[in-house]
Amino acid sequence: MRADRLVTMSQSVDSAVSAVRTCIERHRAAFLDDLAEWLRIPSVSAQPDHAPDVRRSADWLAAKLKETGFPTTEVWQTPGAPAVFAEWPADDAEAPTVLVYGHHDVQPAAREDGWDSDPFEPVTRENRLYARGAADDKGQVFFHTLGVRAHLAATGRTAPAVNLKLLIEGEEESGSPHFRALVEEHSGRLAADAVIVSDTSMWDEHTPTVCTGMRGLAECEIQFHGPDQDIHSGAFGGAVPNPATAAARLVAALHDEHARVAIPGFYDGIVELTDQERELFAELPFDEEQWLRTAKSYAIQGEAGHTTLERIWARPTAEVNGIGGGYQGPGSKTIIPSSAMVKLSFRLVSGQDPERIEQAVRAWVADRMPAGIRHEITFAPATRPCLTPLDHPALKSVARAMSRAFERPVLFTRVGGSGPAADLQDVLGAPVLFLGISVPSDGWHAPNEKVELDLLLKGVETSAYLWADLAENWRHAP
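Residues numbered from 1 in each chain as written. Predicted model: local features only at pLDDT ≥ 70, side-chain atom pairs only at ≥ 80, totals over all residues. Heavy atoms only, no water.

Once that is clear, we can look at the pattern of salt bridges. Inspection of every chain in the model, using the stated rule, returns 28 salt bridges. The partner of Lys64 in a salt bridge is Glu67, with the nearest N and O atoms 3.3 Å apart. Highlighted residues: Lys64 and Glu67, both in helix α2 (residues 51-68), separated by 3 residues, approximately one helical turn. Residues Arg315 and Glu272 are paired through a salt bridge, measuring 2.9 Å at the closest nitrogen-oxygen approach. With Arg315 in the loop between α10 (308-313) and β11 (317-325) and Glu272 in the loop between α7 (243-252) and α8 (275-283), this pair connects stretches of sequence that are 43 residues apart. Judged by relative accessible area, which is 47%, Glu272 ranks as partly exposed. (Salt bridge = Lys/Arg side-chain N within 4 Å of Asp/Glu carboxyl O. Helix = DSSP H or I, 4+ residues; strand = E, 2+ residues; numbered from the N terminus. Buried < 20%, exposed > 50% of the residue type's maximum accessible area, 1.4 Å probe, protein only.)

So, in structure tokens, the structure goes:
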């Protein structure tokens, strides 16, 4: 490429950055005032008394998106809380379609929980905005409104460079019980080439990162039944099976000596970490001792051959969430209990199918059940894992946009937890990308939740760069 062309391209990039930042600074005060107004709505989906507030939050957002410029804004009803859909078509018929996901409901919060101020009266202290939902997730949803305006201002467009859609859920903090059905019902309207999830975080204030995957989740409860009633351990002990012993033996057999899950077929088909991904994880400024202190734990443990980050992000797990049976009161009661129970959860990685995992678990439990012990196993609705390859063009666009906003290289992470984003990938068949600016200190679900205002505006800036980058580079992607 000729030197003069390189200079021209550099000047064009510098001009776009300047135009985006000028627009953000010009509208900063109004943007934050609007966000504060939204945060004052206590849209707590888990509490029935707040159902009208969740509806009010959806109506408020739909109106604000219309004001932003989205020609289509709709409130979609569900059997629970409403979601918000918005759409702004590009002028270019060949432009890619991008769907942004987030949620407008929030966790319960009250001053007596330990807040320094009213959780639904936003307060700014030391360039941080404190309120329930500031980071999770209203702030991260709302930065897209100013982001698209800055995108238009910098490019001179009257419509985004991509066909831009938003789906903002109203029940995420209640487990998204109706989300998959909603996505299936409206799959035609929601069709997209890529999904951007803005309900996530960065590594820390100084390390911008892009998440590439999220684990899935399967959960079950196993009930063990022995004698028809509690019986005397002296009269019958040693001669009849004990359901509490059966539960303990099952749990003890869950892992082998290398901390691998011992259920046959559990690891079949998983997508292994590449050498590049392991190297990228190793670049992160991870302090294992500090992480251990945060966990309030005293030792590192896990599957042999993997680092801590690999274990919590990219390896499947089986955990005992609860176990019980027999007498639990003070003193002794020498019985063989009639029943016992175990609650298990399995975090799944790409390549694992929750239905196959359920079948494998059921078969393993049945095979280990001793004579005289009956069992019942119940699975909750599962969440699928999702993973976007590092070389995916949309992921590269997200990383470039964030790198331009933060003026430094972007590193890559995954999420050890699970969420409804996988339903979007599963139903729509589109890759899921994560764009978030929250940091661990923001205190999601905790008292004094906050968002760093400088990072919030970096989210605005990243959003402003992203749409043009996606539109341009999608055309040249293999």
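Now that the structure has been shown, we can carry on.
The subject of this paragraph is the sheet that holds strand β8 (residues 209-214). Taken in spatial order, the 3 strands of this open sheet run β15-β8-β16, and their pairing is mixed. In the strand order of this sheet, the two ends are held by β15 (386-387) and β16 (411-415), each with one partner. Relative to β15, β8 runs antiparallel, the two being bridged by 2 bridges. Bridge assignment links Met214 to a residue of β15, and that residue is Cys386. (Pairing = 2+ DSSP bridges.)

What follows is about the nonpolar core. Among the nonpolar cores identified, the biggest contains 70 residues, and Phe31, Ile196, Leu456 and Trp467 are the most heavily contacted of them. When residues of this core are assigned to their parent elements, the largest contribution, 11 residues, is made by helix α14 (residues 453-475). Of all hydrophobic cores here, the second largest spans 30 residues; its members include Phe266, Leu344, Met369 and Phe379. (Core = buried A, V, L, I, M, F, W, Y, C linked by side-chain atoms within 4.5 Å.)

Take the environment of Val195 next. Tracing the backbone shows Val195 in strand β7 (residues 194-197). Between the C-alpha atom of Val195 and that of Gly80, which follows or precedes it by 115 residues, the distance is 24 Å. Ignoring any residue separated from it by four or fewer positions in sequence, one finds Val195 in contact with Leu99, Leu424, Leu428, Ala430, Pro431, Val432 and Leu433. (Contact = heavy atoms within 4.5 Å.)

Turning next to the packing of aromatic side chains. Under the counting rule described, the total for this entry stands at 13 aromatic pairs. On the basis of an interplanar angle of 55° and a centroid distance of 5.9 Å, the ring pair of Trp38 and Phe142 is categorised as tilted. Of this pair, Trp38 sits in helix α1 (residues 3-39) while Phe142 sits in helix α3 (residues 138-155), placing them 104 residues apart in sequence. Taking 5.8 Å as the distance between ring centres and 45° as the angle between the ring planes, the aromatic pair formed by Trp60 and Phe142 counts as tilted. On the criterion of sequence distance, the pair formed by Trp60 in helix α2 and Phe142 in helix α3 is long-range, its members being 82 residues apart. (Phe/Tyr/Trp six-rings, centres within 6.5 Å; stacked < 30°, edge-to-face > 60°.)

Once that is clear, we can look at the confidence of the model for the protein. Overall, the predicted model of the protein reaches an average pLDDT of 94, with 96% of residues at or above 70. Scored below 50 in pLDDT, residues 3-10 makes 2 contacts in the model with residues more than four places away or belonging to other chains. (pLDDT = per-residue confidence, 0-100.)

A few words on unusual backbone geometry. Of note, the amide linkage connecting Asp136 to Asp137 takes the cis form, showing an omega dihedral of 10°. By the secondary structure assignment, Asp137 is in the loop between β5 (128-130) and α3. Although it is not a glycine, His445 sits at a positive phi angle of roughly 70°. Looking at where His445 falls in the secondary structure, it is placed in the loop between β17 (432-434) and β18 (450-452).

The next point concerns the pairing of β7. A regular strand carries its side chains on alternate faces of the sheet. Burial of β7 is two-sided: the residues Ala194 and Ile196 facing one way and the residues Val195 and Val197 facing the other way are all buried. One ladder, built from 4 bridges, connects strand β3 (residues 97-103) with β7; its direction is parallel. Counted as the bridge partner of Leu99 is Val195 from β7. Bridging between β7 and β17 involves 3 bridges; their strand directions are parallel. Note that in β17 the partner of Val197 across the bridge is Phe434.

A separate point is the packing of α2 against α3. One way to put it is that α2 packs onto α3 with a least axis distance of 10 Å and a crossing angle of 15°. With respect to α3, the element α2 is oriented roughly parallel. In this structure, α2 crosses over α3, and the sense of that crossing is left-handed. Only Lys138, Phe142, Thr145, Val148 and Arg149 of α3 make contact with α2, whose side of the interface consists of Ser57, Trp60, Lys64, Leu65 and Thr68. Looking at side-chain class alone, the contact of α2 with α3 contains 4 nonpolar, 3 polar and 3 charged residues. (Axes fitted to C-alpha atoms, helices over the stretch in contact; angles between N-to-C directions. Parallel < 35°, antiparallel > 145°, perpendicular 65-115°, else oblique. Left-handed = near helix turned anticlockwise from the far one by under 90°. Nonpolar A, V, L, I, M, F, W, Y, C, P; charged D, E, K, R; others polar.)

Among the residues of α8, Glu277, Leu280 and Phe281 are the ones counted as buried. Angularly, the buried residues of α8 cover 100° about the axis, an arc narrow enough to put them on a single face. In this structure, α8 carries Asp275, Glu279 and Ala282 as exposed residues pointing more than 90 degrees from its buried face. Considering only its buried residues, α8 is in contact with α10 and β16. (Arc of directions from axis to C-beta.)

All right, on to the sheet that holds strand β9 (residues 216-225) then. Within the open sheet, the 4 strands sit side by side as β11-β13-β9-β14. Their pairing is antiparallel. Each edge of the open sheet carries a strand with a single partner, namely β11 and β14 (374-379). Neighbour-to-neighbour, the strand axes of this sheet turn through a mean angle of 15°, independent of strand direction. Where β11 lies against strand β13 (residues 339-348), 8 bridges are found, and the strand directions are antiparallel. What sits directly across from Thr317, in β13, is Arg347. Sheet strands touched by helix α11 (residues 354-367): β9, β13 and β14. Its angle to β14, the strand with the most contacts, is close to 170°.

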